[in-house]
Amino acid sequence: MSEPMIDEPEAIPETLRERDQWVCWREKERDGKPTKIPVTPGAGGFASATESETWSSFEAALDYTETEHADGVGFVFTDDDPIVGVDLDDCRDPETDDVDDAALDIIERLDSYTEVSPSGTGYHVLITGTLPDGRNRRGSVELYDTARFFTVTGDHVERTPTCVARRQDALTAIHREYVQEAGDTASESKQHEAADDESPTTGAADVDVDLKDEDLLEKARNASNGEKFERLWNGNTAGYDSQSEADMALCCLLAFWTGGDQSQMEQLFRQSGLHREKWDEVHYADGSTYGEKTIERAIATTSEFYDPDAGDDTADEIPATSSPDVGAADSERSRAYLAEKNQILSDRVDELEATLTEKTERIDALEAEVKRLTDELATRGQEEECQGEHAATTSENSSESESSSLLGRLFGGRSK
């Protein structure tokens, strides 16, 4: 058994730990292969990924691993949560830590909580989002969002986030590139048609743009999507789930305007507000840096390039259905994603407005209470003042009476 007990439960994101969707698992051999059998924490019976009564809290599941009846814990995906699990099998050498390029690419693009699998030969990535329709498995890549349990080790991969991040755009792209079979969508044929006009080595268009940096930047800023280019160029990542996605968006725009010239794209990106130390870090087993891979992917996914011979008017007007940062094949998914995001934002605004109304009503109630207490305090002060004046008057009258009595005793006989 290569799976160690979870030494640091806090390493597992709270987003997962706070949900009562945990089971345990026990390893058994089936047909000569090790298989993980889901177990109900505490009871020890078979757990089902579709029967919530067989699940428990994270703490209860973790405690049960201290017994001989369980080897580890697992998280159950349901329709009631937005969590998606990405399972990358047979992509890591546990002795050398060498990792397949494809797995590194997926991990880098998802940019969310990632851990080493129990066997040590794979990775699990957890994100939030909506799994696209279609098949969910191809080769060593599997995607799950419901009726499935994921083993959780807490063996967090360094340099990946410690939280479960929302990565809808990246999930959609990875599902399309790594899981769907060729011909699954109409977009595949469009991509192949576009590929016929591209260079067989780089994916770039066979067009010599030959624009100086300043001229290229001027054209990009004056194009129909110039405002978007300007925001990205200045380092504004608003509207993107991560800076990595913003990096890719700017590189796709640069790919369009440079005709896929890698050296000019590299030179321009370094002048932008998005440039950071991560750009030069080696992230891949072949020695490629994050920046080099980002540029390569941007060129590969850009279906149209600027053609100086087409005329300025045509060149500057990039069709909305084929925006270079997503490609024509992604336009429908992008619109669906934006609609979903707008709905989420709208719901959030409604929630905040309701909260604001509650707080306003609470403030009004508190102000009314303060006024009542202030009036009560003022009334009490007036009563105490009146009582003081009455006491003073009584004292004066008493003093006068005592004086009269004393004078009477002193001079009463004389007057007689």
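Our subject is the structure that appears above.
Report on the accompanying structure. Everything numeric in this text was worked out from a predicted model, so none of it was measured.

## Some remarks on the pairing of strand E4 (residues 83–88)
A regular strand places its side chains so that they alternate between the two faces of the sheet. A large share of E4 lies buried, amounting to six of its six residues. Direction of pairing for E4 relative to strand E6 (residues 123–128): antiparallel, over a ladder of six bridges. When the bridges of E6 are listed, Ile-83 appears paired with Thr-128. Here E4 pairs with strand E8 (residues 141–144) via four bridges, running antiparallel. The partner of Gly-85 across the bridge, within E8, is Tyr-144.

## Quick look at the packing of helix H8 (residues 243–258) against helix H9 (residues 262–269)
Relative orientation of the contacting elements H8 and H9 amounts to 130 degrees, with a least axis distance of 9 Å. Of the possible angle classes, the one that applies to H8 and H9 is oblique. Crossing of H8 over H9 shows right-handed handedness. For the pair formed by H8 and H9, the contact residues are Asp-247, Leu-250, Cys-251, Leu-254, Ala-255 and Thr-258 on the first element and Gln-264, Met-265, Leu-268 and Phe-269 on the second.

## Section: the sheet that holds strand E1 (residues 22–30)
Read from one edge of the open sheet, four strands run E2-E1-E3-E9, paired in antiparallel fashion. The outermost strands of the open sheet, each flanked by one partner alone, are strand E2 (33–39) and strand E9 (148–152). Between one strand axis and the next, the sheet turns through 45 degrees on average, direction left out of account. Two strands pair when backbone bridges link them, and E1 and E2 are joined in this way by seven bridges, in the antiparallel orientation. From the neighbouring strand, Cys-24 faces E2, where its bridge partner is Val-39.

## Points about a negative patch on the surface
Residues Asp-20, Glu-59, Asp-63 and Glu-66 make up a contiguous surface patch of negative charge. Tracing the chain through its elements places Glu-66 in the loop between helix H2 (58–64) and strand E3 (72–77). Classification of Glu-66 by relative accessible area gives exposed; the value is 64%.

## Some remarks on the pattern of salt bridges
Where charged atoms from two side chains of opposite charge approach closely, those side chains can pair. Under the defined criterion, the tally for this structure stands at 18 salt bridges. Across the salt bridge formed by Asp-97 and Arg-92, the nearest N and O atoms sit 2.7 Å from each other. With relative accessibility at 17%, the residue Arg-92 sits in the buried group. One salt bridge connects Arg-109 with Asp-105, and the closest N-O pair in it is separated by 3.0 Å. With Arg-109 and Asp-105 both in helix H3 (residues 101–110) and four residues apart, the pair spans about one turn of that helix. The burial state of Arg-109 is the same as that of Asp-105; both residues are buried. Each of Asp-105, Arg-109, Arg-176, Glu-177 and Arg-297 takes part in one network of salt bridges that share partners.

## Quick notes on the pairing of E8
Burial along E8 is two-sided: the face carrying Val-141 and Leu-143 and the face carrying Glu-142 and Tyr-144 are both buried. Where strand E7 (residues 137–138) lies against E8, two bridges are found, and the strand directions are antiparallel. Residue pairing across strands places Arg-137 opposite Glu-142, the latter belonging to E8. Between E7 and E8, which pair antiparallel one after the other, the connecting turn spans two residues, and Gly-139 there sits at a positive phi close to 65 degrees.

Each value, and the rule that gives it
Residue numbers restart at each chain and count upward from 1, following the sequence in its written direction. Reporting in this predicted model follows two pLDDT cut-offs: at least 70 for local features of residues, and 80 or more for side-chain atom pairs to be given and counted; totals over whole chains, interfaces and linings ignore these cut-offs and use all residues. To get the side-chain values, all heavy atoms of the structure are used, and hydrogens and water are removed first. The rule is simple: take the accessible area with a 1.4 Å probe, protein chains only, and divide by the maximum for that residue type; under 20% is buried, over 50% is exposed, in between is partly exposed. Helix and strand labels come from DSSP, where a helix needs a run of H or I of at least four residues and a strand needs a run of E of at least two; each type is numbered from the N terminus. A pair of strands is treated as paired once DSSP finds two or more bridges between them. Orientation is described by axes fitted as lines to C-alpha atoms, over the contacting stretch for helices, and by angles from 0 to 180 degrees between their N-to-C directions. Just so you know how the angles are binned, under 35 degrees is roughly parallel, over 145 roughly antiparallel, 65 to 115 roughly perpendicular, and the rest oblique. Here a crossing is called left-handed whenever its near helix is offset anticlockwise from the far helix by less than a right angle, and right-handed whenever the offset is clockwise. Whether two residues are in contact is decided by their heavy atoms, any of which lying within 4.5 Å being enough. A patch is a set of surface residues, each over 30% in relative accessible area and not in a salt bridge, joined within 9 Å for like charges and within 5 Å for the nonpolar side chains Val, Leu, Ile, Met, Phe, Trp and Tyr. Using the Shrake-Rupley algorithm and a 1.4 Å probe, accessible areas are obtained, with residue cover drawn only from the displayed protein chains. The salt bridge definition used is simple: a Lys or Arg side-chain nitrogen within 4 Å of an Asp or Glu carboxyl oxygen. This count recognises Lys and Arg as positive and Asp and Glu as negative, with His and chain-terminal groups excluded. Working definition for charges: the position is that of NZ of Lys, CZ of Arg, CG of Asp or CD of Glu.

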